Amino acid sequence: MQLGVIGLGRMGANITRRLMRGGHRCVVYDRDTGAVGKLAEDGASAARDLADLVRQLEPPRAVWVMLPAGGPTEETVKGLGKAMQAGDTVIDGGNTFYKDDIRRAAALKAKGVTYVDVGTSGGVWGLERGYCMMVGGEREAVERIDPVLKTLAPGRGDIPRTKRPEGSDPRAEEGYIHAGPVGAGHFVKMVHNGIEYGLMQAYAEGFDILANKDSDALAPEERFALNLPDIAEVWRRGSVVASWLLDLTAQALAGDAKLDEYTGAVADSGEGRWTIQAALEEAVPADVLSAALFARFRSRQAHTFGEKLLSAMRFGFGGHVE
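Report on the accompanying structure. (Residues numbered from 1 in each chain as written. Predicted model: local features only at pLDDT ≥ 70, side-chain atom pairs only at ≥ 80, totals over all residues. Heavy atoms only, no water.)

### Quick notes on the packing of helix α9 (residues 184-211) against helix α10 (residues 228-235)
Thought 1: Across the interface, α9 lies against α10 with an axial gap of 11 Å and an inter-helix angle of 140 degrees. What the angle tells us is that α9 and α10 run oblique. Crossing of α9 over α10 shows right-handed handedness. Contacts between α9 and α10 involve Phe207, Leu210 and Ala211 on the former and, on the latter, Leu228, Ile231, Ala232 and Trp235.
Thought 2: Residues belonging to the contact of α9 with α10 are distributed by class as follows: seven nonpolar, no polar and no charged. (Axes fitted to C-alpha atoms, helices over the stretch in contact; angles between N-to-C directions. Helix = DSSP H or I, 4+ residues; strand = E, 2+ residues; numbered from the N terminus. Parallel < 35°, antiparallel > 145°, perpendicular 65-115°, else oblique. Left-handed = near helix turned anticlockwise from the far one by under 90°. Contact = heavy atoms within 4.5 Å. Nonpolar A, V, L, I, M, F, W, Y, C, P; charged D, E, K, R; others polar.)

### Here we look at the sheet that holds strand β8 (residues 176-180)
Thought 1: Spatially, the eight strands line up as an open sheet ordered β3-β2-β1-β4-β5-β6-β7-β8, and their pairing is mixed. The outermost strands of the open sheet, each flanked by one partner alone, are β3 (45-46) and β8.
Thought 2: Where strand β2 (residues 25-29) and β3 come together, two bridges link them in parallel fashion. From the neighbouring strand, Val28 faces β3, where its bridge partner is Ala46.
Thought 3: Strands in contact with helix α4 (residues 71-83) are β1 (2-6), β4 (62-65), β5 (89-92) and β6 (114-121); relative to β4, the strand with the most contacts, it is inclined by about 170 degrees. (Pairing = 2+ DSSP bridges.)

### A few points about the packing of aromatic side chains
Thought 1: Inspection of every chain in the model, using the stated rule, returns five aromatic pairs.
Thought 2: When the ring of Phe97 is compared with that of Trp274, the centres are 5.0 Å apart and the planes differ by 40 degrees; the resulting orientation is tilted. Residue Phe97 is found in the loop between β5 and α5 (98-109), and its partner Trp274 is found in helix α12 (residues 271-282); the two are separated by 177 residues along the sequence.
Thought 3: The buried category is assigned to Phe97, whose relative accessible area is 13%.
Thought 4: A network of ring pairs unites the aromatic residues Phe97, Tyr98, Phe187 and Trp274 as a single cluster.
Thought 5: Positioned over the ring face of Trp244 is Arg129, at 4.1 Å from the centre of the ring.
Thought 6: A cation sits over an aromatic face here: Arg296 above Tyr197, 3.7 Å from the ring centre. (Phe/Tyr/Trp six-rings, centres within 6.5 Å; stacked < 30°, edge-to-face > 60°. Buried < 20%, exposed > 50% of the residue type's maximum accessible area, 1.4 Å probe, protein only. Lys NZ or Arg CZ within 6 Å of the ring centre and 35° of its normal.)

Following this line, the structure appears as structure tokens:
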């Protein structure tokens, strides 16, 4: 399939490479001409601007936008709306707020352009591992881009299959689903990221307790100098808390048990806040997720070992720097 890709950062560039490996033709654009040049060397067609990218695509066109939420995505979608024609599709694969999806889709629909939102998880590892995707949009539009989604998805791999109810989306086992109408994809991804905050905070607090078991505040006979890299490694193997986040934790601790290269100032990219906002709108208790978000706010004032671990995990899965 032919696809335009706008935004060639950590994820956008690897999405393009994975698609090209799968036999898709990609036309790429980014304000960073160096990023465009690198993808062109790998076989992509370079575009000078949005209009040039649209010109190089054959109708019905599909363009994947992989930019930061807010202004950059907003302006790009508006620009595509002006340049594209009826029957074309805009795909937003970034971390957009789902209510913005609904608004943008309505504006584009007036011109006959469809809008698909794709909550994309996989971070900097997606090129090799594939991307877990949660998709929102009209069924016909989602089906049309299915070849792209299937190439990007991780596939079944060696994960044990579960007995699933009749009528389940078979694509879930491949690593992607059509979650519902426009906005549903990013809503599901938003909650996914809120859960991620809670999981990361649980690991961070647990390892902080382990790290402080040798504290002078404890009686000498109760002090243990625990080997955190070994604990992380053994928990990866057969324990009920094993996960990819724990894999990343083990890697970080193996490289530097004290995590001295991290300050512990932990950023939040918006999805956690939006998840709590949704919980408030729905009157759903979200004690753990709220506490995890607030812990990130506090981390920017005083830092603990646990917050260094949060930073290490964020760098591990997404390449996020402090």
